[in-house]
Structure formats: C-alpha cells, structure tokens
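Structural characterization, general
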Amino acid sequence: MRKLTYFIATTVDGFIGAPDGDGDFFYSSLDPEFVGYLAQEYPETIAARGRDHLGLADAPPKRFDAVLMGRRTYEPGLKEGMTSPYGHFPEQYVVSGSLTASPDPQVRLISGDLVARVRELKARDGLGVWLCGGADLATQLIGEIDEFVVKTYPFFAGTGMPMSRAGFGVRPLELTGFRAFGGGQTVASYAVKS
C-alpha cells in the first residue's frame, strides 16, 4: 500500500504561494546545497525541465511513482507548453472539474469522488503518491494524507495561499526527519499519528 505524502514548499508563516497562488518567488532561494539535497533525495519531484538541467533525466524515482496535482498547480506549466511536467512518473494525475480532456496522453484527469479515487491509488503497490499541490486539494484530502514533507524557505509572506484550508483541527504528527541548509531552508518530515 502506498502513502499519500504532501511534499510542499512553504514560507516560514505557512504560505505556499502569493494570494493568487504564484509561488515563483521560491526559486530565488535555491542555493546549490539545497538543490543538491533535493536532487539526491527527491529526484522525481523535480519537473522535466529542471531534471535535464541537473543531469537527472534518467534518475529513477526514490520515493514516489505517482503525482497528484490540482488544476491550478498544473495550469502555469501548461501555459508554458508543459503538458506533461512530470513525464518521468509512471502515473500523473490532475484533479479538475473544468478540464474535459487531458492535454497530454501521459496525464490522467480525476473528477468526481476524489477521496475514493485517492484511496484506490493508495491501495496499489508502489513507492508512494506525491500530493504536489495545492491548498484546495490538500483541504479535500486532509484525512487521506499519511505524511507531510515541508520545505520551508526563508521568507515571511504575511498573507497568501495557505498549505491547506481544512479549518482548525488538531492533527497530531510525529517528526521523522529534519535537515537545515546554509541558505536558510529546512526540510521537515512528519508522519500522521494514528
């Protein structure tokens, strides 16, 4: 059985993007040590264009073999002509009620009962399912997330798109890993306590 992992970039105050969802500002804080760690430990989470640049074109997946993203997460790359941003994944899913046809044969659309579909994905054998974003998707799947891997960048935004809109609810987590980098970034892993 695969785990659903919310692997996400955030500011120190918990925002994954500007109020309009734009997260490009995170790219201004990518020092070599941090990028090297991500390339080594999470190579599959680097989009196709970045993989080529980092020499990861043929790097096998280490943690995830399926990626799940919302339409708003998928759309910026689509506007740039990236119809399959994670083509190196055996399974790419976009959750959307508005897209009626996939722009790419490698990208499968999910609509309807999202929780049931994600439970089906988790029940399959494999490495894991990466919940790529965004906040609305994390909100809908909060009860299905097994693990959080939070990449915190040295920014304070004040407002923006939160990690989730699930509302107040104490959900106990167990710290399973932590790493700090010279550029001010941290990566913390948490398992959801049963």
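Residues numbered from 1 in each chain as written. Predicted model: local features only at pLDDT ≥ 70, side-chain atom pairs only at ≥ 80, totals over all residues. Heavy atoms only, no water.

Here we look at the pattern of salt bridges
- Going through the model one piece at a time under the given rule, you end up with 12 salt bridges.
- For the salt bridge of Arg71 with Glu75, the shortest nitrogen-to-oxygen distance reads 2.9 Å. Pair noted here: Arg71 and Glu75 are both in helix 3 (residues 71-79), with a separation of 4 residues, about one helical turn.
- Note on Arg71: relative accessible area 26%, which makes it partly exposed.
- Connected via shared salt-bridge partners are Arg2, Asp65, Glu91, Arg117, Glu120 and Arg124. (Salt bridge = Lys/Arg side-chain N within 4 Å of Asp/Glu carboxyl O. Helix = DSSP H or I, 4+ residues; strand = E, 2+ residues; numbered from the N terminus. Buried < 20%, exposed > 50% of the residue type's maximum accessible area, 1.4 Å probe, protein only.)

Quick look at the side chain of Thr10
- The residue Thr10 is located in strand 1 (residues 4-10) in this model.
- From its side chain, Thr10 meets the backbone nitrogen of Phe15 in a polar contact 3.1 Å long.
- In contact with Thr10, not counting residues within four places along its chain, are Phe15, Ile16, Phe26, Val150, Lys151, Thr152, Tyr153 and Met163. (Polar contact = N/O pair within 3.5 Å; in protein donor to acceptor, adjacent residues only side chain to side chain. Contact = heavy atoms within 4.5 Å.)

Notes on helix 4 (residues 114-123)
- Here helix 4 has its buried residues at Leu114, Val118, Leu121 and Lys122. The buried side chains of helix 4 occupy one side of the element, clustering within an arc of 95° when seen end-on.
- Next to the buried residues of helix 4 lie strand 1, strand 3 (66-70), strand 4 (91-95), strand 5 (107-110), strand 6 (129-133) and helix 5 (135-140).
- One side-chain oxygen of the residue at the start of helix 4 lies 3.4 Å from the amide nitrogen of Val115, identifying that residue as Asp113. (Arc of directions from axis to C-beta.)

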